[in-house]
Every structure is written in C-alpha cells, then in structure tokens.
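Analysis of the macromolecular model
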Amino acid sequence: MITRDGAKEVAITTLTFGAAGIACAWAALNVSAWFWIGAVPTLLLWGFVLSFFRDPPRTIPDAPGLMVSPADGKVTEIARLEDGWPGIDEPVLKISIFLSVFNVHVNRAPCNGVVLGTLYERGEFLDVRHPESGMRNERNSITIDPDADYGPIIVRQIAGLVARRIVCHIDKGDRVTRGARFGMIKFGSRTDLIVPASSRLEPAVKLGDTVRGGATILMRPGA
C-alpha cells in the first residue's frame, strides 16, 4: 500500500526515474550491457521513493488505557520534565521516536479521543537528534483529549534535516481512534508523545527500541 500523501511524489518519480530505469534496463538486455550503468541507480531511486511512501496495514492493540506509538522508528528519548509543557501545566513524560528515511513515515493516533487543537510552527531543519531540534525545527503539535481520563496529551510532528513538509489531516473537534492514520512527515523526522505525569502512564519501551506506528504499545497504565 502507498499512502495517499505520497501520490504526487510517487507519480513524478515513476514518470521520470521509473520510466528511465525501465528503458535503460530494456536497452541493457537488448542493446548493450553498458546501459546497466544508467538502469541500476535510477531503478534504485524509484524503488526508494516507493518504499518511503509505503503504508502497511497494522494490527492495533485493543486493551483499554494503552498509548500506541504514533510513528515507526527508534526510541531516542524517554524523559520526565518537571516544568511541564505548553498546554499541560504539570510535570510530563515525553517519549521521542526518530524516523530514518528507511522507516514508514505515516503518523497514527496513539489513543481514542477528541482533538482539542493543532499548532503548526515554522522553523529550521536541524538534524532531529540535535537537542534543540524540538524547539527550533518546523513542527506541528496536536493536542488530544483521550477517552481515558488522562488529561490532554500531545503528539508532535517534527521535521528533520531532510524533511521539508509536515502533513496533518486532523483539526480541532475531530475524533480520532487508536492507530488511525492522521498524517505523515516527508523524509527524515521525529515524533514525540507527551503525557501528564498524573496520568500514571508508564513507558512500555526502553531507549533504543524499534517501534511500529499503531502496533507497538508505547505506554501503559501503571500501578
């Protein structure tokens, strides 16, 4: 499956690199092996774009109270922030997920709930592993009121060194369901999940874990 958010890029790449690669491959088989010099890189680039915009189906956990991962990638930060977060006036727990260009980049809702608002902010394009990227890069914050009584939670889409466009299809008043697709970040990026410490949600992952959007349990209710 290819995400609809990549339709333009996939079409352009198919008409250019895909067509050129196929033509060179035909020439390599029928005219001269030298044409493989053009066929291989163009076909690899075409395949990369198709792979980047892939949107595989996921099995969504259905146990109550869980927060699933909003993105595919690697867990790079698990932190408790005592000073709170804009929109959450108390200590919070933040989990950050780094998405390389080889990960699925479709974002998914971590829980059932209603969108309280979204906030898009222009910014720089630092590498998302830079400690200040979360505050300086292009980003989009989505505040959700979960059905479970956890208070507001925040999902942040953060553009990276390569990324240049954040896509979000939900807005204030929309209802989301756990694991449902709501957008993507095109090329390398980061996604954060921020919850109030009073929710008593605890990380179900550790640093360095690989997670899958909608399928991996990121947080679960504690004791």
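Look above for the structure.
Residues numbered from 1 in each chain as written. Predicted model: local features only at pLDDT ≥ 70, side-chain atom pairs only at ≥ 80, totals over all residues. Heavy atoms only, no water.

1. Side note on the nonpolar core
Operational definition: The criterion is simple. A nonpolar core is a set of buried Ala, Val, Leu, Ile, Met, Phe, Trp, Tyr and Cys residues joined through side-chain atoms within 4.5 Å. The buried label applies to any residue whose accessible area, calculated with a 1.4 Å probe on protein chains only, is under 20% of its type's maximum; exposed applies above 50%, and partly exposed to all values in between. Think of it this way: any DSSP run of H or I at least four residues long counts as a helix, any run of E at least two long counts as a strand, and we number them from the N terminus. In what follows, a contact means two residues having at least one pair of non-hydrogen atoms within 4.5 Å.
Core analysis: the biggest nonpolar cluster contains 25 residues, and M67, I144, I153, L193, V195, L218 and M219 have the highest contact counts within it. Broken down by secondary-structure element, the contributors of at least two residues to this core are strand 3 (92-99), strand 6 (139-146), strand 7 (153-159), strand 11 (189-196) and strand 14 (217-221). For this core, the leading source of residues is strand 3, giving four residues. Leave out the neighbours within four places in its chain, and I153 touches M67, P110, C111, I142, T143, I144, P146, L193, I194, V195 and P196. Ranked by size, the runner-up nonpolar core spans six residues in total, among them V49, F52, F53 and V167.

2. Digging into the sheet that holds strand 8 (residues 165-168)
Put simply, the test is: We treat two strands as partners when DSSP finds at least two bridges between them. Here an axis means a line fitted to C-alpha atoms, over the contact stretch when the element is a helix, while the angle between two N-to-C directions is reported on a 0 to 180 degree scale.
Spatially, the three strands line up as an open sheet ordered 4-10-8, and their pairing is antiparallel. Both edges of this open sheet fall to strand 4 (106-108) and strand 8, since each of them pairs with a single strand only. Pairs of neighbouring strands in the sheet enclose a mean axial angle of 20 degrees, with direction left out of account. Pairing analysis gives three bridges linking strand 4 to strand 10 (residues 181-186), with the strands arranged antiparallel. Residue pairing across strands places R108 opposite R181, the latter belonging to strand 10.

3. Quick look at the state of the cysteines
Defined as follows: The disulfide definition used here is simple: a pair of cysteine sulfur atoms within 2.5 Å.
This model, assessed by the stated rule, comprises zero disulfides. The structure places no disulfide on C111, whose sulfur is separated from the nearest cysteine sulfur, that of C168, by 14 Å.

4. Considerations on the packing of aromatic side chains
Heads up, the rule is: A pair of aromatic rings is counted whenever rings of Phe, Tyr or Trp (Trp by its six-membered ring) have centres within 6.5 Å, and the orientation is called stacked for planes under 30 degrees apart, edge-to-face for over 60 and tilted otherwise.
A full pass over the atoms with the stated rule returns three aromatic pairs. Ring centres of F48 and F52 lie 6.4 Å apart, and the angle between their planes is 40 degrees; this geometry places the pair in the tilted category. One end of the pair, F48, and the other, F52, are both in helix 2 (residues 36-52), four residues apart, so they sit about a helical turn from each other. Summarising the aromatic geometry, the rings of F52 and F53 are spaced 4.9 Å apart at their centres and angled 85 degrees between planes, so their arrangement reads as edge-to-face.

5. Here we look at the pairing of strand 6
Of all eight residues that make up strand 6, six are buried, and the element is covered over most of its length. Relative to strand 6, strand 5 (residues 113-121) is paired through eight bridges, and the arrangement is antiparallel. If you follow Y120 over to strand 6, its bridge partner there is N140. Across six bridges, the pairing between strand 6 and strand 7 is antiparallel. Within the sheet, the bridge partner assigned to I144 lies in strand 7 and is I153. Hairpin connection between strand 6 and strand 7: a loop of six residues separates the two successive antiparallel strands, and G151 in this loop has a positive phi of roughly 75 degrees.

6. What about the environment of W36?
By the secondary structure assignment, W36 is in helix 2. Residue class for W36 comes out partly exposed when judged on its relative accessible area of 36%. In sequence terms W36 and G21 are 15 residues apart; their C-alpha atoms lie 8.9 Å from each other. Sequence-distant contacts of W36, defined by excluding residues within four places in its chain, comprise A25, A28, L29 and P41.

7. A look at helix 1 (residues 7-30)
As a reminder, the rule being used: Each residue after the first adds 1.5 Å to the expected span of a helix. The angle between axes fitted to the seven-residue stretch ending at a residue and the seven-residue stretch beginning at it gives the bend at that residue.
In this model, helix 1 (24 residues) spans 32 Å end to end at C-alpha, consistent with the 34 Å of a helix rising 1.5 Å per residue. The largest bend along helix 1 reaches roughly 40 degrees and is located at T14. Looking at helix 1, one finds that the buried residues are V10, T13, G18, G21, A25, A27 and A28. Looking at the buried residues of helix 1, the elements they touch are helix 2.

Geometric descriptors of this kind do not, in isolation, establish any biological role.
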